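Residue-level listing of the chains:
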Amino acid sequence: MKSQKEYGNLDNQKIKKQKNNILNFDFLSEERKDYILLSEELNAILDIPKLSKKIFNIILDDKTLNKLSVGDILEKYENFTKIQLIKIRRYIHSHLYDKNPLFVSDLIDCANWNNIESDIIFDFCINAIKKYRTSPIVLSAITYVFEHMKISQSVVVVPIFDRLLNNKTYYQDCQIIAAFCLFRITMNPKYLQVIKELTILDNELHNVLINKMLHMDYNKKNCFFYQKDDFI
């Protein structure tokens, strides 16, 4: 097992090479709609147990890096320190209105998975759900709102999710997650019926729902009577 010092040396040895490898991805145009998988060099960053200050600053501050690469790292890396998360919170606040929806979606997912509480992000997500309809931002926004809402905010959240559910311009993966969130919030069986109807129509939607439930640590029997088999 490598010592922390050895990992620090690994940072120093690889930082220049990793930065150069990242820069080779300039061909990933911001305007492109398709997503191209990151290289092994970029994914290697995810395996570093503790990011050095140098690499962390490159990720957040180097304007030449492709935003999709930055977003992917912020969403997937699991070992940010408390100080790094404070900086990431500020970074997310300043990039929520970026023109690239995939990048913004990654930022919201990063905030959600790292439990970054923020009224600014919450309000942005509420407005995004009402405004964007078919943007990839919406699915991330639904999850963030559901995970971070206070009980008192349910009077605002439930009508917004309900309108989403009844508006056919939204993607169905957004609708099924909204239906699940509504069922979790209200325990109204009509939302369970909506979930079942959607999954009968499209088995892929069933997979979307189950994958989402599996990532919710509190979605266990001691917290929630209904389990994934109830949604089949």
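It should be emphasised that the depicted structure is a prediction, and the values quoted were computed from it without experimental measurement.

Enquirer: Would you mind going over the overall build of the chain with me for this structure?
Expert: Per the secondary structure count, the chain includes 12 helices and 0 strands. The N-to-C order of helical and strand elements in the chain reads α-α-α-α-α-α-α-α-α-α-α-α. Considering the chain as a whole, with its 232 residues, one finds that 46% of them fall into the buried category. In the chain, the proportion of contacts linking residues at least 24 apart, taken out of those at least 6 apart, comes to 65%. Accessible surface for the chain amounts to roughly 13100 Å². Of this, 53% is attributable to carbon and sulfur atoms.

Enquirer: Can you help me understand the pattern of salt bridges in this one?
Expert: Any two side chains of opposite charge can pair, on the condition that their charged atoms come close. Throughout the structure, instances matching the rule amount to 2 salt bridges. Residue K67 is joined to D98 by a salt bridge in which the shortest nitrogen-to-oxygen separation is 2.5 Å. Separated by 31 residues along the polypeptide, K67 in helix α4 (residues 67-76) and D98 in the loop between α5 (82-95) and α6 (101-113) bring together distant segments of the chain. K67 gets classed as partly exposed once you look at its relative accessible area, which sits at 27%. The buried category is assigned to D98, whose relative accessible area is 17%. Notably, a salt bridge pairs K76 with D72, separated by 3.4 Å at the nearest N-O pair. Pair noted here: K76 and D72 are both in helix α4, with a separation of 4 residues, about one helical turn. Judged by relative accessible area, K76 falls into the partly exposed class, the value being 42%.

Enquirer: I keep staring at the side chain of N114 and nothing clicks. Help me out?
Expert: Within the secondary structure layout, N114 lies in the loop between α6 and α7 (119-131). Classification of N114 as buried rests on a relative accessible area of 17%. Of the polar contacts made by the side chain of N114, one reaches the backbone oxygen of C110; its length is 2.9 Å. Not counting residues within four places of it along the chain, the set of residues in contact with N114 comprises L74, F80 and L85.

Enquirer: Is there a simple way to think about unusual backbone geometry in this case?
Expert: Positive phi, close to 60°, is recorded for R133, a residue that is not glycine. Relative to the helices and strands, R133 is located in the loop between α7 and α8 (137-148). Look at R133 and you get partly exposed, because its relative accessible area is 29%. Even without glycine at this site, M187 takes up a positive phi of about 60°. Inspection of the secondary structure puts M187 in the loop between α10 (172-186) and α11 (189-201). Note on M187: relative accessible area 38%, which makes it partly exposed.

Enquirer: What is the right way to look at the nonpolar core in this model?
Expert: Here is a general trend for soluble globular proteins: nonpolar side chains tend to be buried in one another's company. Ranked by internal contacts, the top residues of the largest apolar core, which has 62 residues, are L51, I59, L74, I88, I92, I142 and F161. Aside from chain neighbours lying at most four places away, what touches I142 is I129, F161, L164, C174, I177, A178 and C181.

Enquirer: Is there a simple way to explain the packing of α8 against helix α9 (residues 154-165) in this structure?
Expert: The axes of two packed helices give the description: the angle between them and the distance between them. Between α8 and α9, whose axes approach to 12 Å, the crossing angle comes to 150°. Taken together, the axes of α8 and α9 lie roughly antiparallel to each other. Every pair of crossing elements has a handedness; the one defined by α8 and α9 is left-handed. Facing α8, whose interface residues are V138, I142, V145 and F146, α9 presents V157, F161 and L164.

Cut-offs and rules
- All chains use their own residue numbering, which begins from 1 and follows the written sequence.
- Two thresholds apply to this predicted model, a pLDDT of at least 70 for residue-level local features and 80 or more for giving and counting side-chain atom pairs, whereas whole-chain, interface and lining totals are computed over all residues.
- For the side-chain quantities, the full set of heavy atoms in the structure was used; hydrogens and water were omitted.
- Secondary structure elements follow DSSP: runs of H or I no shorter than four residues count as helices, runs of E no shorter than two count as strands, and numbering proceeds from the N terminus.
- Think of it in three bands: residues with accessible area under 20% of the maximum for their type are buried, residues over 50% are exposed, and the middle band is partly exposed, with areas taken using a 1.4 Å probe on protein chains only.
- Contact between two residues is taken to exist if any of their heavy atoms lie within 4.5 Å; hydrogens are not considered.
- All accessible areas in this document rest on Shrake-Rupley with a 1.4 Å probe, and a residue is counted as covered only by the protein chains that are shown.
- We define a salt bridge as a side-chain nitrogen of Lys or Arg found within 4 Å of a carboxyl oxygen belonging to Asp or Glu.
- N or O atoms within 3.5 Å of each other form a polar contact, as long as, within protein, one can give a hydrogen and the other can take it, and as long as residues adjacent in sequence are counted only when both atoms are side-chain atoms.
- We call a set of buried Ala, Val, Leu, Ile, Met, Phe, Trp, Tyr and Cys residues a nonpolar core when their side-chain atoms join them within 4.5 Å.
- Helix axes are fitted only over the stretch in contact, all axes being lines through C-alpha atoms; the angle between N-to-C directions runs from 0 to 180 degrees.
- Should an angle fall under 35 degrees it is called roughly parallel, over 145 degrees roughly antiparallel, and 65 to 115 degrees roughly perpendicular, with every other angle called oblique.
- Should the near helix be turned counterclockwise from the far one by less than a right angle, the crossing is left-handed, whereas a clockwise turn marks it as right-handed.

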